Amino acid sequence: MSSAALAPSLPPSPPPSLPPGLHVPESPTRVALRRFLTHRSAMLGLALCLLFVAIAVAAPLISPVSPIATDWSAIRQPPSWAHWMGTDEIGRDELARVIFGARASLLAGVVSVVIAAAIGVPAGLAAGFARGRTDAILSRIVDAMLAIPFLVLAIALAAFLGPNLRNAMIAIGVTTAPIFMRVARGATMDVMTHDYIEAARAVGNPSWRIAVRHVMPNIFPPILVQGTLSIATSIIAEASLSFLGLGEQPPTPAWGSMLNAAQQFLTQAPWLAIFPGAAIFLTVLGFNLVGDGLRDALDPRGL
Amino acid sequence: MRGFLGSRLAQILPTLFLVSIIVFGLQQLMPGDPALVIAGDSAGDPQIVAQIRGELMLNRPIPVQYLHWLDNLLHGNLGYSWRLQEPVSELVAQKLPVTAQLSLMAFVFAVIIGVPMGILSAVKRNTAWDWLANSIGLFGLSIPTFWLGIVMILVVSVWLGWLPPSGYVPLAQNWVRSLATTVMPAFVLGNAIAAILMRHTRSAMLVALGQDYVRTARAKGLSEWVVVLRHALRNALIPVVTLGGLQLGTLLSGAVLTEQVFSVPGFGKLVVDAVFNRDYPVIQGVVLVTALLYVVLNLVTDLLYFLINPRMRAG
């Protein structure tokens, strides 16, 4: 009989009372959360991430003008009180475009990682759980995908799928999936050596329940760290693809395509090359700092 | 040694086979009829479309198309560039030395910057030096290569006028001008690898500095720098060398954008131009050769690791 079937017949146990002077030790989750919240650089990173998320969400409210509104009387104007970040080659407000550009970058960062995790985590879990032939086949596929440099494969996929933001996100997600598979596989193999898995088997839990109820929650910390760091690399990848014309299409603003256009006017309008790049850098820095902070909080051995 | 090489080769062959399936599979992702896409402006001419379909066996089942493609591949035929009207293998052979020079220079920059910074960070752990080295490392990981390239062109070439903003002169033609045109792209390309090397060197040095043999060396009265450089670093460098070799993928990924920004006519520029012009055989060819290079260089790195690590040889 399974443990789940036994559970309802057991009377609810009262909370244990501890002798005075003793206290319940903190749960690992609380310890990790406390470490993360006191990690100064991680908090700086979190503030940066939240700032850019707020900018992306509230873009229509905070943008001074429409990002695609052209003003032929204000072409390539340097930063001023009227246009804080200047204007571009057809008189569009650079600040409005940087604000709206956050949407494509953050959307691509998050959606690509969701796609990557949706493919990579179940595959890694299956490989680490089943071992044997399943592991060998999945690992060979991952080896083959990792043999093709990340951006080269993403560019090729996006080029063949067709240039738009949706295809760029699919290309980045599929290209990032092998990393999640490796992380999930390694973590699953580690978890499978623990006694509680043996105990779960001994009470008759089917394999799928052990995988979902016992393995999945325990491989979550390294996947969370990888997910945060992968958002950073996906944002750079999206910017790279849109820099090459394979991401968000004009006139919708994207930081990468803005930099591509700015390259033609480096001598006349250098500010066009500064602000979108700085926005990419600060957003990526934010996610990298949060990822590093999470890793330190969840695995203090690396400190 | 022979057994080790044999087992690595046995792992590589299935990987290369799967890479060939992935690269072939790319053309199946094309929306619509590939023959019409390939024909481009001539898509209205049924004769040309039929010719393309016949040449690429597009009217045959996909496994047959794959075997035909693989057969060509094994005979060194990577396809034909639709735009440049040249065999892809020749285009790759022309561009590869340029990217090789750029990548080698970038790797030298990465080692010169990353390894000393990692050592300093580990030796001066939890000091301002450690903080500074970590901050530079994080900066290197977070800055997009192409933006760093644009900013460098703006500052070094446009404002200061020290180096040419773009172009390339082959090494054999004029080595001074060749270095002048590649030093900036190589620095930009090496920047991300330097950050990764710095992190690996720091953690490997922290492990090495905590070992008994380091304590013994200190107890013998050796100076701190001898302990660090001759005892800790020699052992810490083994994993760093391996990880450094594995960064080739990052180098090749970065080369795509760096070559585009600095107009360096290498491998990366070839693929970007192919993307702009929908020259699909070139994209497939570059992806395939890149993967092959990556696999071969990984094998070389593994062999180096085997040779420099006495424990593996003994095993």
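Reading guide: rules and limits
Residues numbered from 1 in each chain as written. Chains lettered and ligands numbered in written order. Predicted model: local features only at pLDDT ≥ 70, side-chain atom pairs only at ≥ 80, totals over all residues. Heavy atoms only, no water. Helix = DSSP H or I, 4+ residues; strand = E, 2+ residues; numbered from the N terminus. Buried < 20%, exposed > 50% of the residue type's maximum accessible area, 1.4 Å probe, protein only. Axes fitted to C-alpha atoms, helices over the stretch in contact; angles between N-to-C directions. Parallel < 35°, antiparallel > 145°, perpendicular 65-115°, else oblique. Left-handed = near helix turned anticlockwise from the far one by under 90°. Contact = heavy atoms within 4.5 Å. Nonpolar A, V, L, I, M, F, W, Y, C, P; charged D, E, K, R; others polar. Salt bridge = Lys/Arg side-chain N within 4 Å of Asp/Glu carboxyl O.

Colleague: Just checking my understanding: could you explain the overall build of chain B for this structure?
Modeller: Counting its secondary structure elements, chain B contains 14 helices and zero strands. Element order for chain B, N to C, with α for helix and β for strand: α-α-α-α-α-α-α-α-α-α-α-α-α-α. Considered along the principal axes of its C-alpha atoms, chain B spans approximately 85 × 55 × 35 Å. Here chain B holds 315 residues, and the buried ones make up 46% of them.

Colleague: Can you help me understand the packing of helix H6 (residues 132-147) of chain A against helix H1 (residues 2-26) of chain B in this one?
Modeller: Between two packed helices, both the angle of their axes relative to each other and the distance between the axes serve to describe the pair. The interhelical angle for the contact between H6(A) and H1(B), taken along N-to-C directions, is 70 degrees, at an axis separation of 8 Å. Classified by the angle between their axes, H6(A) and H1(B) sit roughly perpendicular to one another. Remark: the crossing between H6(A) and H1(B) carries right-handed chirality. Contacts between H6(A) and H1(B) involve A:Arg140, A:Ile141, A:Asp143, A:Ala144, A:Met145 and A:Ala147 from the former and B:Gln11, B:Pro14, B:Thr15, B:Leu18, B:Val19 and B:Ile22 from the latter. Looking at the contact of H6(A) with H1(B) residue by residue, the class counts come to eight nonpolar, two polar and two charged.

Colleague: Would you explain the packing of helix H5 (residues 94-130) of chain A against helix H12 (residues 271-298) of chain A in this entry?
Modeller: All names here are of chain A. For the pair H5 and H12, interaxial distance at closest approach is 10 Å and the crossing angle is 35 degrees. Considering how the two elements wind past one another, H5 and H12 form a crossing that is right-handed. Along the contact surface, H5 presents Glu94, Val98 and Leu106, while H12 presents Leu272, Phe275, Pro276, Ala279, Thr283 and Phe287. In the contact of H5 with H12, the residues fall into seven nonpolar, one polar and one charged.

Colleague: Can you help me understand the pattern of salt bridges in this one?
Modeller: Think of it this way: side chains of opposite charge can pair up when their charged atoms draw near. Residues and elements named next belong to chain A. Overall, the coordinates contain eleven salt bridges over all chains when judged by the stated rule. The partner of Arg97 in a salt bridge is Asp88, and the shortest N-O contact between them spans 3.8 Å. As a salt-bridge pair, Arg185 and Asp135 come within 2.6 Å of each other at their nearest N and O atoms. A residue pair is termed long-range when its members are at least 10 positions apart, and Arg185 in helix H8 (residues 165-191) and Asp135 in helix H6 qualify at 50 residues. Here Asp135 falls in the buried class, since its relative accessible area comes to 9%. By sharing partners, the salt bridges in this structure join Asp88, Arg92 and Arg97 into a single network.

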